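As a plain string of letters, each chain reads:
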Amino acid sequence: MTDRFAGVIIVAAGRGERFGDSGKVLAYAGGRPLLARSLDAAIAASSTAEIVVVCGGHTRERIAALIESLDTPLPVCVCAGGAERQDSVRFGIHALSDSIEVAVIHDAARPLATSAMFDDVAEAAREQGAAIVAVPVTDTIKEVEGDRILRTIPRQMLRAAQTPQAFRLDTLWDAMERTTGSNVTFTDEATRLESLGVPVVVRPGTTTNIKVTVPEDLVLVEALLQSQCRGTRDVPS
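Here is what the cut-offs are and how they apply
- Residues numbered from 1 in each chain as written.
- Predicted model: local features only at pLDDT ≥ 70, side-chain atom pairs only at ≥ 80, totals over all residues.
- Heavy atoms only, no water.
- Helix = DSSP H or I, 4+ residues; strand = E, 2+ residues; numbered from the N terminus.
- Rg over C-alpha atoms; globule rule 2.2 N^0.38 Å.
- Buried < 20%, exposed > 50% of the residue type's maximum accessible area, 1.4 Å probe, protein only.
- Areas by Shrake-Rupley, 256 points an atom, 1.4 Å probe, with all protein chains shown as cover.
- Lys, Arg positive; Asp, Glu negative; His and termini not counted.
- Charge placed at Lys NZ, Arg CZ, Asp CG, Glu CD.
- Axes fitted to C-alpha atoms, helices over the stretch in contact; angles between N-to-C directions.
- Parallel < 35°, antiparallel > 145°, perpendicular 65-115°, else oblique.
- Left-handed = near helix turned anticlockwise from the far one by under 90°.
- Contact = heavy atoms within 4.5 Å.
- Nonpolar A, V, L, I, M, F, W, Y, C, P; charged D, E, K, R; others polar.
- Polar contact = N/O pair within 3.5 Å; in protein donor to acceptor, adjacent residues only side chain to side chain.
- Core = buried A, V, L, I, M, F, W, Y, C linked by side-chain atoms within 4.5 Å.
- Pairing = 2+ DSSP bridges.
- Salt bridge = Lys/Arg side-chain N within 4 Å of Asp/Glu carboxyl O.

Undergrad: When you look at the overall build of the protein in this model, what are you seeing that I'm missing?
TA: Within the protein, the regular secondary structure consists of seven helices and 11 strands. For a compact globule of 237 residues, the expected C-alpha radius of gyration is about 18 Å, and the protein comes in at 18 Å, within 12% of that figure. C-alpha extents for the protein along the principal axes are approximately 50 × 45 × 40 Å. Each of the 237 residues in the protein was classed as buried or not, and the buried ones make up 45%. Carbon together with sulfur atoms contributes 50% to the accessible area of the protein, which is approximately 12400 Å² in total. Looking at the protein, you have 24 positive and 31 negative side-chain charges, and the mean spots of the two groups are 5 Å apart.

Below, the structure written as structure tokens:
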């Protein structure tokens, strides 16, 4: 991969209600804000041409100041988010340059995604239209009604979806236009394509690519970062 063809949209517009802090993406883990770690991975990906950070009005000034302080080697712009995730993604798409072929969507609250994941889904989407990272489900999954189990769902074919997720720009835009106003709940962009019968490729994620939702998740991120540092130090020179 030699050319940079992907525009990364980092969604950072949430209010962190379950986290208890509207500036969740600016919380520190391993000495760096969560958003900065997501930016690090996106910038290090060889497919990334530019980045758009979509944020809410409650954090826009602080996020803009953070990005300015990072002195990033790639163009990074900040744009306002919307009331819902789908609105924020739409605004992010509008902020991308006309030359972008693939849009890569990533949650700012997943600070341990790797640059290899960004490249993997971007390349797969460029070739096949759409791709996500996901991991096998290891728990036994029960469908319940009230306090009663209805059935156990076979987990062999189940995957837990993560971000980054990537889409050819025309494919994603068409899906968003065709599903606007639908009564279906779209929890991620891949769900829109699925509802239209558009194939989405699944690439390997990692169990460490967690999403920070509650304060306890920060403790896990810190532990994982410390483990990574120890592993690096243990490698013989």
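Right, picking up where we left off after that structure.
Undergrad: Please clarify how the packing of helix H1 (residues 34-44) against helix H2 (residues 60-70) should be interpreted in this entry.
TA: When two helices pack together, their arrangement is given by the angle between the helix axes and the distance between those axes. Running from N to C, H1 and H2 point in directions that differ by 45°, and their axes come no closer than 11 Å. For the element pair H1 / H2, the angle class is oblique. Judged by the sense of rotation from one axis to the other, the crossing of H1 with H2 is right-handed. Facing Leu35, Ala36 and Leu39 of H1, the residues of H2 in contact are Ile63, Leu66, Ile67 and Leu70. Residues that form the contact of H1 with H2 fall into these classes: seven nonpolar, no polar and no charged.

Undergrad: Looking at this model, I keep getting lost on the environment of Ala42. Mind explaining?
TA: Residue position: Ala42 is located in helix H1. When the C-alpha atoms of Ala42 and Val8 are compared, they prove to be 7.0 Å apart, with 34 residues separating the residues in sequence. Residues contacting Ala42, with those up to four places away along its chain left out, are Val8, Ile10, Thr48, Ile51 and Phe118.

Undergrad: Looking at this structure, I do not really get the side chain of Asp107. What am I missing?
TA: Secondary-structure assignment places Asp107 in strand E6 (residues 102-107). In this structure the side chain of Asp107 is engaged in a polar contact, spanning 2.6 Å, whose partner is the side chain of Arg85. Excluding residues that lie within four positions of it along the chain, Asp107 makes contacts with Val11, Ser38, Arg85, Thr163 and Lys211.

Undergrad: Would you explain the nonpolar core in this entry?
TA: Residues Ile10, Leu35, Leu39, Ile51, Val53, Ile63 and Val104 are the most contacted members of the largest nonpolar core, which totals 34 residues. Those elements giving two or more residues to this core turn out to be strand E1 (6-12), H1, strand E4 (48-55), H2, E6, helix H4 (115-128) and strand E7 (130-136). Examining the composition of this core, we find that six residues originate from one element, H4, more than from any other. The contacts of Ile10, once residues within four sequence positions are left out, are Leu35, Ser38, Leu39, Ala42, Ile51, Val52, Val53, Val54, His106 and Ala108. Ranked by size, the runner-up nonpolar core spans 22 residues in total, among them Val11, Val52, Cys79 and Ala103.

Undergrad: Would you mind going over the sheet that holds strand E10 (residues 159-168) with me for this structure?
TA: What holds strands together in a sheet is hydrogen bonding between their backbones, with the strands either parallel or antiparallel. With respect to topology, seven strands assemble into an open sheet ordered E5-E4-E1-E6-E10-E7-E11, the strand pairing being mixed. Bordering the open sheet on either side are strand E5 (76-80) and strand E11 (201-204), each of which pairs with just one other strand. Across the sheet, the mean angle from the axis of one strand to that of its neighbour is 30°, orientation sign disregarded. Examined bridge by bridge, E7 and E11 share four bridges and lie parallel to one another. From the neighbouring strand, Ala134 faces E11, where its bridge partner is Pro204. Helix-sheet contacts for H1 involve E1, E4, E5 and E6, and the interaxial angle to E4 is about 160°. Lying over the sheet, H4 contacts E1, E6, E7, E10 and E11, oriented at roughly 60° with respect to E10.

Undergrad: Got a minute to help me understand the pattern of salt bridges in this structure?
TA: Where charged atoms from two side chains of opposite charge come close, those side chains can pair. Per the counting criterion, the structure on display carries 12 salt bridges. A salt bridge links Arg85 to Glu189; its shortest N-O distance comes to 3.0 Å. Taken together, the residues span a long stretch of sequence, with Arg85 in helix H3 (residues 85-94) and Glu189 in helix H6 (residues 189-195) at a distance of 104 residues. What makes Arg85 partly exposed here is its relative accessible area of 23%. Its relative accessible area of 3% is what places Glu189 among the buried residues. Within the structure, one salt-bridge network assembled from shared partners comprises Arg85, Asp107, Arg110, Glu189 and Lys211.

Undergrad: Sorry, what's going on with the environment of Thr48 here?
TA: Here Thr48 shows up in strand E4. If we skip the residues at most four places from it in the chain, Thr48 touches Arg4, Ala6, Val8, Ala42 and Leu74.

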